[in-house]
Amino acid sequence: MQQSLSDFVAAMDKAGFLVRIKEEVRVDQIPKLMEANPTKAILVEQVKDSEFSVLANAYSNQDMFAWVMGCDKTRTGLEMVNRSKGRVKWETVTTAPCKEIILKGEDVDLTRLPLFLHHDRDGHAYTNDNLFVSKHPDTGIYDWGIYRSMFRSKNEKSVDMTCTSHRQRLHAMAAAAKGQNLEVAIVIGGPTIDKISALVGVTTDTDDFEVLGAFYGAPAKMIKCETIDVMVPANAEIVLECELMALEGLIFDEGPYGEFTGMYGGGIKHNYRLKVKAMTHRKGGIFQHCTIGGLHPWYTDNMLQLPAIEADLFNGLKQSGIDVREVRCPAGGLSNIAYAKIHPLGGGDARQALGVMLTCSKQGLPKVAMVFDTDVDIWDDQAVLAAMAYRYMPDRDTVQLQGLNTMTVDPTSTVPGISSKIGMDCTIPIGPDWNPNEFVRSTVTDLGDPPANVKPMTEEALTKDMEAFIAASPRAWYEILKNYHGQPYPVLYRAFGNLRHKLGRTNDPPWYRYTISDKPFAYEAKPQALNHSDPRHLKTTTA
């Protein structure tokens, strides 16, 4: 059955998945609280200057998914497939808690939400537990999906729709082809089953809310928006009714953003702008945020028998002139896998280190060696996997050796005691062809405590002061937040919103700072050279 977010939070608490933060918290403290509880949902019950509580991390691991689906975690995917085959017609209702507060027109104020900078280099504050709801302009069939959305002003947002296969983008393009903008509702906050339902792949002729009903095992209750012809689930906590400016095209700045890779994905993008026409929500509602990026997608382990191998490798690397910091033989590798953390001083250090690791131990081990930079915690299995995934390229970074000594117990050796071996360079590439900023981790924002005795400024005064601050030198949103740390965040965000039409973005990666400009991009946005971003995300015409 359809569940309210409040009831879902209570169920999470009872199941042991929730950490309650009862003391009052500033918005800039929220990222650290999320980072400190990577495997639990957190509920911040009191947020300074906001009427909302904040829920985050509510669907952060496989155990949570399995609990929601009522199955063992090894069967979560199969259960999702089975349920997605069903179709249950939805029902219309006329009242719902998300209609307790209704704000329209000039009363719309996104700064009522507890907005915060999640990662230092994010372009601005994001809402990202966003389920975008729209109808295809030609067929009227509903789609909903999760999209990130960046703050622009108190009644404007931007949205990342650069992936050409995303349904909401296809809806926007279809609307533009008819000479129309697209009506979109953004649903913020809901039980995890809603998100799982939105993620399953179905054909374009399928109403997503009939699939939601199949996940519920009962009809989804839907309610009509106030200012647009769009239905939304009646259990929504917050609804933003928007006009996606499809006729303007993908011309507005959006990003960077700390992505699921743990780094900033795609740099600054050209994206759509949305005008928020109405904002409805439950009184005293829960603002939900889904965590992403940061430093904790993982866990670790250890074992016996390995110090001798580690000592051999550490000593061998030192004697070879490698600046080695740590060596680890992970327990699951059974002495045949080893990691080394090194500080490469030249482009060949990593490959030299691999050669040493594969040959220097008197025990003829390991068979598989990997080298990592000093920012990788080689005692954390998930950190190791992340570096392998995004710093290692097989055709370029592999060292393979033949006919070397190994333990005779290895059943994969054709000749006992003789083995081929492989080394993987998982360090950041060095050289003129590589931009080190593309590998910077998306660490969460920590502004620290505000200065003592900060005198609150009026919105007018803060707007004027902020304009002068930006005029003096281009500023990242992080720099602006740092400069005005201690000012009430709604006033701070409104002051920025007052200036937004005067601001453009500079071409100074990785920050892409704000500057005084009469254009969204304060430089000639020439077609971008292909880099390590998906070419579908690159604009091919001048903005």
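For the structure, see preceding data.
Residues numbered from 1 in each chain as written. Predicted model: local features only at pLDDT ≥ 70, side-chain atom pairs only at ≥ 80, totals over all residues. Heavy atoms only, no water.

Engineer: Kindly report on the overall build of the chain, identifying the contributing residues and their values.
Structural biologist: Check the secondary structure of the chain and you find 14 helices and 24 strands. In terms of C-alpha radius of gyration, the chain reaches 26 Å, essentially the compact-globule figure of 24 Å for 543 residues. For the chain, the C-alpha atoms occupy an extent of roughly 75 × 60 × 50 Å along the three principal directions. Expressed as a percentage of its 543 residues, the buried residues of the chain come to 53%. Summarising the internal contacts of the chain: among those between residues at least 6 apart in sequence, 70% fall at separations of at least 24. Of the roughly 23,400 Å² of accessible surface on the chain, 53% is carried by carbon and sulfur atoms. Placing the 58 positive and 67 negative side-chain charges of the chain at their respective mean positions leaves the two points 1 Å apart. (Helix = DSSP H or I, 4+ residues; strand = E, 2+ residues; numbered from the N terminus. Rg over C-alpha atoms; globule rule 2.2 N^0.38 Å. Buried < 20%, exposed > 50% of the residue type's maximum accessible area, 1.4 Å probe, protein only. Contact = heavy atoms within 4.5 Å. Areas by Shrake-Rupley, 256 points an atom, 1.4 Å probe, with all protein chains shown as cover. Lys, Arg positive; Asp, Glu negative; His and termini not counted. Charge placed at Lys NZ, Arg CZ, Asp CG, Glu CD.)

Engineer: How would you explain unusual backbone geometry if you had to name every residue and give the values?
Structural biologist: Omega for the peptide link from Leu365 to Pro366 comes to 5°, which places this bond in the cis form. Structurally, Pro366 is set in the loop between helix 9 (349-359) and strand 20 (368-372). Positive phi outside glycine occurs at Asp49, with the angle close to 70°. Looking at the element boundaries, Asp49 is found in the loop between strand 2 (41-47) and strand 3 (53-56). By relative accessible area, Asp49 is classed as partly exposed at 41%.

Engineer: Tell me about the environment of Gly258, and name the residues and values.
Structural biologist: Looking at where Gly258 falls in the secondary structure, it is placed in the loop between strand 15 (252-254) and strand 16 (269-281). Since its relative accessible area comes to 0%, Gly258 is described here as buried. Along the primary structure Gly258 and Ser442 are separated by 184 residues, whereas in three dimensions their C-alpha atoms are 4.9 Å apart. In this structure, Gly258 is in contact with His119, Asp122, Met263, Tyr264, Ile292, Gly293 and Ser442, ignoring residues within four places of it in sequence.

Engineer: Got a sec to walk through the pattern of salt bridges? Specific residues and values, please.
Structural biologist: Summed over all chains, the structure comprises 37 salt bridges. Linking Arg20 and Asp13 is a salt bridge whose minimum nitrogen-to-oxygen distance equals 2.7 Å. On the accessibility criterion, Arg20 (32% relative accessible area) is partly exposed. Asp28 is the partner of Arg26 in a salt bridge, and the nearest nitrogen-oxygen pair spans 3.0 Å. With a relative accessible area of 18%, Arg26 lands in the buried category. (Salt bridge = Lys/Arg side-chain N within 4 Å of Asp/Glu carboxyl O.)

Engineer: Give a detailed account of the pairing of strand 2, specifying residues and quantitative values.
Structural biologist: Regular strands place their side chains on alternate faces of the sheet. For strand 2, the buried fraction is high: five of the seven residues fall into the buried class. Once you follow strand 1 (residues 18-25) into helix 2 (residues 30-36) and on to strand 2, the crossover reads as right-handed. Where strand 2 and strand 3 come together, three bridges link them in antiparallel fashion. When the sheet's bridge partners are listed, Val44 is paired in strand 3 with Val54. Between the antiparallel neighbours strand 2 and strand 3 lie five residues, among them Asp49 with a positive phi of about 70°. (Right-handed = clockwise from strand over helix to strand, strands pointing away. Pairing = 2+ DSSP bridges.)

Engineer: How would you summarise the sheet that holds strand 17 (residues 286-289) if you had to cite specific residues and measurements?
Structural biologist: Overall, mixed pairing links the four strands, which are arranged 1-2-3-17 in an open sheet. In the strand order of this sheet, the two ends are held by strand 1 and strand 17, each with one partner. Along the sheet, successive strands turn relative to each other by an average axial angle of 20°, direction set aside. Bridge count for strand 1 against strand 2 is six bridges, and the pairing is parallel. Note on strand 2: the bridge partner recorded for Arg20 is Leu43. Lying over the sheet, helix 1 (residues 5-15) contacts strand 1, strand 2, strand 3 and strand 17, oriented at roughly 115° with respect to strand 1. (Axes fitted to C-alpha atoms, helices over the stretch in contact; angles between N-to-C directions.)

Engineer: Please set out the layout of surface pockets residue by residue, giving values where relevant.
Structural biologist: When its volume is computed, the second largest pocket comes out at roughly 330 Å³. In terms of residues, the lining of the second largest pocket owes the most to one element, helix 14 (residues 489-499), which gives three residues. Its residues assigned to classes, the lining of the second largest pocket shows 14 nonpolar, four polar and four charged. (1 Å grid on protein atoms, 1.4 Å probe; cavity = no way out; pocket = protein on both sides within 12 Å on 5 of 7 lines; lining within 4 Å. Points joined across faces, edges and corners; volume = space filled by probe spheres on them. Nonpolar A, V, L, I, M, F, W, Y, C, P; charged D, E, K, R; others polar.)

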